[in-house]
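Given next are the chains, with one letter for each unit.
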Amino acid sequence: MTKIIEKRNKQDVQMHIDKAYEIIKDNLPVGYVEKVLSKLKADKTLNAGTVRNIKNRISKYPFSRLDVLNALVEVANEYQASVQKLANNLKTDN
């Protein structure tokens with residue numbers, strides 16, 4: 001008899017998706033849709049509504065568009081780094 005190995009890939013992916021949503025929750029700039037679209041300009045099926053739906057978890061299956069979720073995380077990290085750099089510059093000026 002063979003041992004059945006449980007696949008936990010779906011659970012691991014869900015944990016990463018939850019972490020991604022924690023990152024983008026408060027760290028997206030105002031014009032995030034355009035920035036995400038510019039990062040994924042090769043995808044002709046992508047539109048602003050899809051980006052907003054993925055960001056707001058309206059889409060039933062965010063794991064089907066992981067490229068959009070990854071781009072949202074990248075934009076959030078870039079924005080957060082810019083804010084941090086500005087804060088550091090303001091501290092050094094005073």
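Analysis parameters
Residues numbered from 1 in each chain as written. Predicted model: local features only at pLDDT ≥ 70, side-chain atom pairs only at ≥ 80, totals over all residues. Heavy atoms only, no water. Helix = DSSP H or I, 4+ residues; strand = E, 2+ residues; numbered from the N terminus. Contact = heavy atoms within 4.5 Å. Areas by Shrake-Rupley, 256 points an atom, 1.4 Å probe, with all protein chains shown as cover. Buried < 20%, exposed > 50% of the residue type's maximum accessible area, 1.4 Å probe, protein only. Axes fitted to C-alpha atoms, helices over the stretch in contact; angles between N-to-C directions. Parallel < 35°, antiparallel > 145°, perpendicular 65-115°, else oblique. Left-handed = near helix turned anticlockwise from the far one by under 90°. Nonpolar A, V, L, I, M, F, W, Y, C, P; charged D, E, K, R; others polar.

**Student:** Please provide a residue-by-residue account of the overall build of the protein chain, values included.
**Tutor:** What the protein chain contains, in helices and strands, is 4 helices and 0 strands. Each helix (α) and strand (β) of the protein chain, taken in turn from the N terminus, gives the series α-α-α-α. By sequence separation, contacts in the protein chain at least 24 residues apart represent 64% of the contacts at least 6 residues apart. As displayed, the protein chain offers around 7400 Å² of accessible surface, 53% of which is attributable to carbon and sulfur atoms.

**Student:** Outline unusual backbone geometry, supporting the account with residue identities and numerical values.
**Tutor:** Backbone geometry places R57, a non-glycine residue, at a positive phi of 60°. Topologically, R57 is positioned in the loop between α3 (48-55) and α4 (66-93). When its relative accessible area of 44% is taken as the criterion, R57 is described as partly exposed.

**Student:** A description of the packing of helix α2 (residues 32-39) against α3 should follow, citing residues and the corresponding values.
**Tutor:** With their axes 10 Å apart at the nearest point, α2 and α3 run at an angle of 110° to one another. One finds that α2 runs roughly perpendicular with respect to α3. Between α2 and α3 the crossing geometry is right-handed. Of α3, the residues touching α2 (which contributes Y32, V33, V36 and L37) are A48, V51, R52 and K55. In the contact of α2 with α3, the residues fall into 6 nonpolar, no polar and 2 charged.

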